[in-house]
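Residue-level listing of the chains:
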Amino acid sequence: MLKIKDLHASVDDKEILRGINLEIKAGEVHAIMGPNGSGKSTLASVIAGNDNFEVTQGSVELEGEDLEDVSPEERAHKGVFLSFQYPIEIPGVSVTNFMKTAINESRKAKGLEDMPAKDMLKLIREKSELLEIDRKFLSRSLNEGFSGGEKKRNEIFQMAMLEPKVAILDETDSGLDIDALRIVASGVNKLKSKDNAVILITHYQRLLEYIVPDFVHVLHNGKIVKSGGKELALELEEKGYDWLKQETAV
Amino acid sequence: MAYTEEELKKELETKEYEYGFYTDIESDTFPIGLNEEIVIAISKKKEEPEWMTLWRLEAFRIWKSMEEPTWANVHYDKPDFQNISYYSAPKSADPNKTLDDVDPDLLEMYRKLGISVDEQKKLQNVAVDIVVDSVSVATTFKKTLAEKGIIFMPISEAIKEHPELVKKYMGTVVPQKDNFYAALNSAVFTDGSFCYIPKGVRCPMELSTYFRINQAGTGQFERTLLIADEDSYVSYLEGCTAPSRDENQLHAAVVELIALDGAEIKYSTVQNWFPGNKEGKGGVFNFVTKRAICEKNAKVSWTQVETGSAVTWKYPSCILKGDNSIGEFYSIAVTNNYQQADTGTKMVHLGKNTKSTIISKGISAGKSQNSYRGLVQVNSRADGARNFSQCDSLLMGNECGAHTFPYIEAKNKTAMIEHEATTSKIGEDQIFYCNQRGIPTEKAIALIVNGFSKEVLNKLPMEFAVEAQKLLEISLEGSVG
Ligand SMILES: Nc1ncnc2c1ncn2[C@@H]1O[C@H](COP(=O)(O)OP(=O)(O)OP(=O)(O)O)[C@@H](O)[C@H]1O
Ligand SMILES: [Mg+2]
């Protein structure tokens, strides 16, 4: 589904991603871990097409199509979704209005009419129930004054609304309280199917107890320095990253 | 990757001013130039009574002794007032005709303007008066309104049919000598709307006027006089467009609102005069004087969405004369390319416990300059006066400017005046966030701008709010690289 080959990316001539290789198949869950500043969010941004980062080498393919010349919105239309580590505020635009616009723009790109208001309402009701979101919340300005946890839950609500093929969740777990984490994780699990894939960027093992990954990768200095099964996350929790850093320095 | 600068620029070039067509209607246009003979000729053409002619002549004499103001934060080549024709009328316009007799070319023009007079007549509860160049060509719903005793007609007709009302109120809020453009307007105004709501009457529908400059080389000088008698209510809408032309066209209007004891007037404007092309050539000079007087317990709300014109100079104001009267000003001003806007309001608190609210949203893009200029004045006798002002500016790109000039003059110690101001930029991160959800950049900007302007958009009547949102979107197309 998503194939990343020898990906190099830099910002202001500073190389951040230094040759990433990763293949994610439909139905899989991959976790990406790694120390602060190792390039996890950068990788997510590059997959989503943020042109602040310059891809200097390598490629990202979605279902066999090279995404090089594909704009961020087109990537979204093709099914790429990014749950932001730091969701952005858009004052005066309600969550509902934002989602309505997003869905209808995707439909427009596919030559479809706007979604009828009735269906939109039904969808909103269904997905807000899934994530146990109070509907009053949806009339508030997007992310403005939201608590850290509310922002993250709202990101997953958007994911639920858009039903992406590849969802990248960048530290969605940080900021969520214990109950919220359970709700959000169970939401993600319900949205998971054999036709889509999830990339979880996280620092903590706890999330991976709820959403169990098929693979765990460790990113360090812009490279994947180790990959393994779900037990790798446990090992990291116990040992930290130093042993890996030393291993790769050799 | 996303949009390149080049692609955006190209896109902008193809998005031209939507209302920039010119309708070839036979018209009756005066030679250019301005002198006493022209003023008299206008008055004659309008078959005005002598008092009106004399009033114009007095205004003309005052105007001759005045200088064009230079204090506004706008720069432009001064219009040559001797190089403008002061009267132009579509030949087939006859104010006594009903709508069914209106020239089909004119109707076609309305259709392009998105004003289906017929449709509006039937579907929406909006009475429309349309002013093309210098004359009013169609007023709908006259009969329905007449049953309530409401008078809604071109001002040229009102001068003849209701001279007592016109004589009593015209110039009482904006006197001839008020300012340079108001004096000019008083001398040469050609049409506009007149409206009177009798005591205790709630006007059952929105009243609306569409202004259009069609003919080349003409100025438009319309004058609106609206009187809401005691305890009455009216909501009034005004829309403006003009064809795209290389030369600058002059528009100098005067609007006077009179809200008698306990009356309420909502006055909404969507101004979309031609803004000039992307190099800053052409466009309308919009020099407008709008003012309201509020008697006891009266309330006036000005709501404006200003997206057009090359240069805007406009300060809809309220004189809060009566105790407990309320003045409100809600404004969205958008400037793009080389547009310049200097707009705001004056709230003059004379009565006790008077209240005013000012919400101004300025959006600047391209190389434009957008200034808010506001005065809150509290007279020594205005005990308990209160004002709240909020001025927010949104910038796009690095070449535009936003400026705020709030003036406060409080001569009464009990006055409570609050002023808040913010300036923000549309962030790349906001655009990317929208893009990531599948929303293209242009749409993202529209969404962000609409969100920014929401408090003001919400004040507009429904039908107008939708139109205004679309207009914001069009005005800002191609504004971010
Ligand atoms: N726009 C930018 N300009 C300059 N440096 C950047 C930019 N974006 C990221 N970086 C740098 O790139 C490196 C990787 O950042 P990134 O956000 O991808 O790390 P991360 O792995 O997500 O870290 P964390 O776990 O703290 O979220 C950091 O050193 C960061 O400072
Ligand atoms: Mg990160």
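Residues numbered from 1 in each chain as written. Chains lettered and ligands numbered in written order. Predicted model: local features only at pLDDT ≥ 70, side-chain atom pairs only at ≥ 80, totals over all residues. Heavy atoms only, no water.

A few words on the nonpolar core. By size, the foremost hydrophobic cluster in this structure holds 113 residues, and its most contacted members are L2, I4, F98 and F157 of chain A together with I363 and V449 of chain B. In terms of residues, this core owes the most to one element, helix α11 (residues 441-457) of chain B, which gives eight residues. The contact partners of F157 of chain A, leaving out residues within four places of it in the chain, are V95, M99, I124, K127, S128, L131, I133 and L138 of chain A. (Core = buried A, V, L, I, M, F, W, Y, C linked by side-chain atoms within 4.5 Å. Buried < 20%, exposed > 50% of the residue type's maximum accessible area, 1.4 Å probe, protein only. Helix = DSSP H or I, 4+ residues; strand = E, 2+ residues; numbered from the N terminus. Contact = heavy atoms within 4.5 Å.)

Residue and element names in this part refer to chain A. Spatial ordering of the open sheet is given by β2-β1-β4-β5, a layout of four strands whose pairing is antiparallel. Each edge of the open sheet carries a strand with a single partner, namely β2 (14-24) and β5 (65-66). In the packing of helix α1 (residues 40-48) onto the sheet, contacts are made with β1 (2-11), β2 and β4 (54-62), and the angle to β1 comes to roughly 110°. (Pairing = 2+ DSSP bridges. Axes fitted to C-alpha atoms, helices over the stretch in contact; angles between N-to-C directions.)

Glancing now at the sheet that holds strand β6 (residues 80-83) of chain A. Residues and elements named next belong to chain A. If you trace the six strands from one edge of the open sheet to the other, you get β6-β9-β10-β3-β11-β12, paired in mixed fashion. Looking at which strands have only one partner, the edges of the open sheet turn out to be β6 and β12 (223-228). The mean angle between the axes of side-by-side strands here comes to 20°, regardless of whether they run parallel or antiparallel. Here four bridges tie strand β3 (residues 29-33) to strand β11 (residues 215-220), and the two strands are oriented parallel to one another. Residue pairing across strands places A31 opposite V216, the latter belonging to β11. Taken strand by strand, helix α5 (residues 148-162) contacts β6 and β9 (166-170), and its axis lies near 165° from that of β6.

With that settled, consider the packing of helix α2 (residues 36-45) of chain B against helix α3 (residues 50-64) of chain B. Residues and elements named next belong to chain B. At a closest axis distance of 10 Å, the pairing of α2 and α3 adopts a crossing angle of 150°. The pairing of α2 with α3 is recorded here as roughly antiparallel in orientation. α2 and α3 meet at a crossing whose hand is right-handed. Facing α2, whose interface residues are E36, V39, I40, I42 and S43, α3 presents T53, R56, L57, F60 and R61. Of the residues assigned to the contact of α2 with α3, the class counts are five nonpolar, two polar and three charged. (Parallel < 35°, antiparallel > 145°, perpendicular 65-115°, else oblique. Left-handed = near helix turned anticlockwise from the far one by under 90°. Nonpolar A, V, L, I, M, F, W, Y, C, P; charged D, E, K, R; others polar.)

Taking the UniProt record as the reference, the feature "domain: ABC transporter" (unreviewed entry) is found at residues 2-246 of chain A. Within the segment residues 2-246 of chain A, helix and strand shares are 38% and 29% respectively, and the terminal C-alpha atoms sit 30 Å apart. (UniProt positions renumbered as here; feature names shortened; annotations may be inferred.)

Once that is clear, we can look at the coordination of the magnesium ion (ligand 2). Residues and elements named next belong to chain A. Within the protein, the atoms that donate to the magnesium ion (ligand 2) are S41 (OG) and Q85 (OE1), at distances of 2.0 to 2.1 Å. Placement of the pair is S41 in helix α1 and Q85 in the loop between β6 and β7 (90-94), with a sequence separation of 44 residues. By relative accessible area, S41 is classed as partly exposed at 27%. (Donors = N, O, S within 2.8 Å, 3.2 Å for Na, K, Ca; no water.)

Below, the discussion takes up the layout of surface pockets. Taken as a whole, the second largest pocket encloses approximately 690 Å³ of empty space. In terms of lining residues, the second largest pocket is bounded by 27 residues, among which N97 and K100 of chain A together with L447, N450 and Q469 of chain B are the most central. Elements with a minimum of two residues in the lining of the second largest pocket: β7 and α3 (95-109) of chain A together with α11 and α12 (462-475) of chain B. At seven residues, the largest contribution of residues to the lining of the second largest pocket is made by α11 of chain B. Considered class by class, the residues forming the lining of the second largest pocket number nine nonpolar, nine polar and nine charged. (1 Å grid on protein atoms, 1.4 Å probe; cavity = no way out; pocket = protein on both sides within 12 Å on 5 of 7 lines; lining within 4 Å. Points joined across faces, edges and corners; volume = space filled by probe spheres on them.)

So, about the site of ligand 1. Residues and elements named next belong to chain A. Neighbouring ligand 1 are 15 residues, the closest being G37, K40, S41, T42 and H203. Taking E171, its side chain carries an N or O atom lying 3.3 Å from an oxygen atom of ligand 1. The protein chains hide 65% of the 640 Å² of surface that ligand 1 would expose on its own. Among the elements of the structure, β2 and α1 are those that each provide at least two residues to the shell around ligand 1. For the shell around ligand 1, the element with the most residues is α1, which contributes three residues. Looking at side-chain class alone, the shell around ligand 1 contains four nonpolar, eight polar and three charged residues. (Near = heavy atom within 4 Å. Polar contact = N/O pair within 3.5 Å; in protein donor to acceptor, adjacent residues only side chain to side chain. Areas by Shrake-Rupley, 256 points an atom, 1.4 Å probe, with all protein chains shown as cover.)

Moving on, we get to the side chain of H77 of chain A. Relative to the assigned elements, H77 of chain A resides in helix α2 (residues 72-77). Here H77 of chain A falls in the buried class, since its relative accessible area comes to 15%. At 2.8 Å, the side chain of H77 of chain A forms a polar contact with the backbone oxygen of G438 of chain B. Here H77 of chain A is in contact with E105, S106, A109 and K110 of chain A together with G438 of chain B, once residues within four sequence places are set aside.

If you look at the interface, chain A gives 35 residues, while chain B gives 21 residues. Here chain A packs against chain B, burying approximately 2,400 Å² in sum over the two surfaces, 64% of which is carbon and sulfur. There are one salt bridge connecting chain A and chain B. For E155 of chain A, the salt bridge is made with R437 of chain B, and the minimal N-O distance between the two is 2.7 Å. Where chain A packs against chain B, one counts eleven residue pairs in polar contact (both at pLDDT 80 or more). Broken down by class, the residue content of the side of chain A that touches chain B amounts to 16 nonpolar, eleven polar and eight charged. (Buried area = accessible area lost by both parts, 1.4 Å probe. Salt bridge = Lys/Arg side-chain N within 4 Å of Asp/Glu carboxyl O.)

Turning our attention to the pattern of salt bridges. Residues and elements named next belong to chain A. On inspection of all chains with the given rule, the structure shows 24 salt bridges over all chains. K127 is the salt-bridge partner of E126, the closest N and O atoms lying 3.8 Å from each other. The partly exposed category is assigned to E126, whose relative accessible area is 43%. Between R182 and D179 there is a salt bridge, with its nearest N and O atoms 3.4 Å apart. With R182 and D179 both in helix α6 (residues 178-191) and three residues apart, this pair spans about one turn of that helix. Classification of R182 as partly exposed rests on a relative accessible area of 41%. Using a relative accessible area of 46% as the deciding quantity, one classes D179 as partly exposed.

Looking now at the side chain of T269 of chain B. Residues and elements named next belong to chain B. In this structure, T269 sits in strand β12 (residues 264-271). A relative accessible area of 2% means that T269 is categorised as buried. A distance of 3.1 Å separates a polar atom in the side chain of T269 from a polar atom in the side chain of K290. Beyond its immediate sequence surroundings of up to four residues, T269 is in contact with E238, K290, T303, Q304, V305, E306, K314 and F464.

Once that is clear, we can look at the packing of aromatic side chains. Residue and element names in this part refer to chain B. A complete count under the given rule lists 19 aromatic pairs over all chains for this structure. Seen in terms of ring centroids, W71 and W313 are 5.6 Å apart; in terms of plane orientation they differ by 40°. Their pairing is tilted. In this pair, W71 sits in the loop between α3 and β2 (88-90) while W313 sits in strand β15 (residues 311-314), placing the two residues 242 residues apart along the sequence. Of the residues examined, W313 reaches a relative accessible area of 6% and is grouped as buried. Members of the aromatic cluster, each reached through a chain of ring pairs, are F60, W63, W71, F81, F180, Y181, F285, F287, W313 and Y315. One Lys or Arg, R56, reaches over the ring of F189 and ends 4.1 Å from the middle of that ring. Positioned over the ring face of Y233 is R202, at 4.1 Å from the centre of the ring. (Phe/Tyr/Trp six-rings, centres within 6.5 Å; stacked < 30°, edge-to-face > 60°. Lys NZ or Arg CZ within 6 Å of the ring centre and 35° of its normal.)

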